[in-house]
Amino acid sequence: MVHTAFKSLALPDERIADVITALIDALGPEGTLIMPTHAGWDGVYDHDSSPSVTGALTEVFRTQFSSLRSRHPTHSCSALGKMAREAVAGHEQGYAVGTGSPCEFVYEHSGQVLLIGVDLMVATIVHLAEFYVNVAYLCARQRRLRNDDGQCVTRMLTRQPGHSNGFVKLEPLLKQYGHIRYGSIESASCRLFDARGAVDAAVRMLTDDPAALLCDDPNCSNCNESRRLIRVEVNSA
Ligand SMILES: [Zn+2]
């Protein structure tokens with residue numbers, strides 16, 4: 001699973017497809033490449049036409065390669081390679097980043113997560129730990145989407161994840177346990193970590209303290225609301 005800030009590579013836009021091809025080549029015929037092609041919350045979600053909001057590279061991967069996009073209206077991922085079909089299957093019935101999601105597929109297959117020019121703040125898979133621990137701040141939200149018949153419908157999505165800026169707090173633990181490696185591609189500094197090791201470490205952190213992966217910005221309304229929901233849960237227990 002790859003997250004990329006394309007500008008960190010300092011390459012012209014015409015090279016986006018080359019970067020994706022290089023990733024496919026690096027994985028080889030036995031590998032499966034997965035990228036988040038999340039659609040966000042604006043407008044009516046349409047599986048075929050709603051663009052990815054997770055970076056220019058992911059949109060090229062979605063539209064110019066023969067990748068398969070999972071059918072989740074907010075947290076879809078696109079996959080290409082040997083197990084692409086299995087990686088995206090059933091996401092429409094699953095959770096955004098919980099059971100039945102491509103993130104869980106990566107976890108269960110002991111995949112690796114590559115961060116190109118970005119840090120753990122964008123590592124979607126860490127939300128899987130929040131889901132497994134069932135932290136109090138997972139929320140239900142409505143999403144408008146176009147169904148297979150072309151009609152606009154509203155779907156309630158439960159146990160949606162919150163803010164991920166605090167995921168950088170996981171990194172010292174990954175270093176300590178040897179789950180992360182550092183390198184570079186062109187001018188981009190890169191991190192490569194084991195999905196299973198990272199999610200398991202995050203589960204331990206959240207089990208000790210459900211607020212462990214919230215960010216420290218005192219003005220972050222998302223994380224302040226998450227802390228409030230944790231307090232409500234503790235007080236009602
Ligand atoms: Zn925050």
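Residues numbered from 1 in each chain as written. Predicted model: local features only at pLDDT ≥ 70, side-chain atom pairs only at ≥ 80, totals over all residues. Heavy atoms only, no water.

Caption draft 1: Up close: the coordination of the zinc ion. Every protein donor of the zinc ion is listed here as His 163 (ND1), Cys 215 (SG), Cys 220 (SG) and Cys 223 (SG), and their distances to the metal cover 2.1 to 2.3 Å. For the zinc ion, the four donor atoms in the first shell make angles of 87 to 132° at the metal, a pattern classed as tetrahedral. For the zinc ion, the single-chain donor residues occur in sequence as H-x51-C-x4-C-x2-C. Taken as a pair, His 163 in the loop between strand 7 (152-160) and helix 6 (171-176) and Cys 223 in helix 8 (residues 221-236) lie far apart in primary sequence, 60 residues in all. Judged by its relative accessible area of 0%, Cys 223 falls in the buried class. (Donors = N, O, S within 2.8 Å, 3.2 Å for Na, K, Ca; no water. Tetrahedral: all angles 85-135°; square planar, octahedral: opposite > 155°, others 65-115°. Helix = DSSP H or I, 4+ residues; strand = E, 2+ residues; numbered from the N terminus. Buried < 20%, exposed > 50% of the residue type's maximum accessible area, 1.4 Å probe, protein only.)

Caption draft 2: Up close: the packing of aromatic side chains. Counting across every chain of the model gives four aromatic pairs. With centroids separated by 6.3 Å and ring planes inclined at 45°, the aromatic side chains of Phe 61 and Phe 65 adopt a geometry described as tilted. Taking the relative accessible area as the measure of exposure, Phe 61 reaches 0% and is therefore buried. By relative accessible area, Phe 65 is classed as buried at 19%. (Phe/Tyr/Trp six-rings, centres within 6.5 Å; stacked < 30°, edge-to-face > 60°.)

Caption draft 3: Local environment of unusual backbone geometry. Its identity is not glycine, yet Ala 10 carries a phi of approximately 55°, on the positive side. The residue Ala 10 is located in the loop between strand 1 (2-4) and helix 1 (16-27) in this model. One non-glycine residue with positive phi stands out, namely Arg 159, at about 55°. Tracing the backbone shows Arg 159 in strand 7.

Caption draft 4: View of the sheet that holds strand 3 (residues 68-69). The strand order 2-4-3 describes an open sheet built from three strands, whose pairing is antiparallel. Both edges of this open sheet fall to strand 2 (32-36) and strand 3, since each of them pairs with a single strand only. In terms of strand pairing, strand 2 meets strand 4 (residues 77-81) through five bridges, oriented antiparallel. Paired with Pro 36 across the two strands is Cys 77, which belongs to strand 4. Sheet strands in contact with helix 1 are strand 2 and strand 4, and its direction is about 140° off that of strand 2. (Pairing = 2+ DSSP bridges. Contact = heavy atoms within 4.5 Å. Axes fitted to C-alpha atoms, helices over the stretch in contact; angles between N-to-C directions.)

Caption draft 5: Highlighting the sheet that holds strand 1. Overall, mixed pairing links the four strands, which are arranged 1-5-9-8 in an open sheet. The open sheet has two edge strands, strand 1 and strand 8 (180-185), and neither has a second partner. Between one strand axis and the next, the sheet turns through 15° on average, direction left out of account. Each of strand 5 (112-116) and strand 9 (188-194) is contacted by helix 7 (residues 195-208), which is oriented at about 75° to strand 9, the strand it contacts most.

Caption draft 6: Focus on the side chain of Glu 104. Checked against the element boundaries, Glu 104 lands in helix 4 (residues 102-108). No salt bridge is formed by the buried Glu 104; its nearest oppositely charged neighbour, Arg 196, is found at 8.7 Å. Among the polar contacts made by the side chain of Glu 104, one reaches the main-chain amide nitrogen of Gly 100 at a distance of 3.1 Å. The residues contacting Glu 104, other than those within four sequence positions of it, are Gly 98, Thr 99, Leu 128 and Tyr 132. (Lys, Arg positive; Asp, Glu negative; His and termini not counted. Salt bridge = Lys/Arg side-chain N within 4 Å of Asp/Glu carboxyl O. Polar contact = N/O pair within 3.5 Å; in protein donor to acceptor, adjacent residues only side chain to side chain.)

Caption draft 7: Highlighting the nonpolar core. Of all hydrophobic cores here, the largest spans 49 residues; its most connected members are Ile 125, Leu 170 and Phe 193. At the level of secondary structure, the elements contributing two or more residues to this core comprise strand 4, helix 3 (84-88), helix 4, strand 5, helix 5 (127-133), helix 7 and helix 8. For this core, the leading source of residues is helix 7, giving seven residues. Not counting residues up to four positions away in its chain, the partners in contact with Phe 193 are Gly 111, Gln 112, Val 113, Leu 115, Leu 120, Ala 123, Ile 125, Leu 174, His 179, Ile 180 and Ala 198. (Core = buried A, V, L, I, M, F, W, Y, C linked by side-chain atoms within 4.5 Å.)

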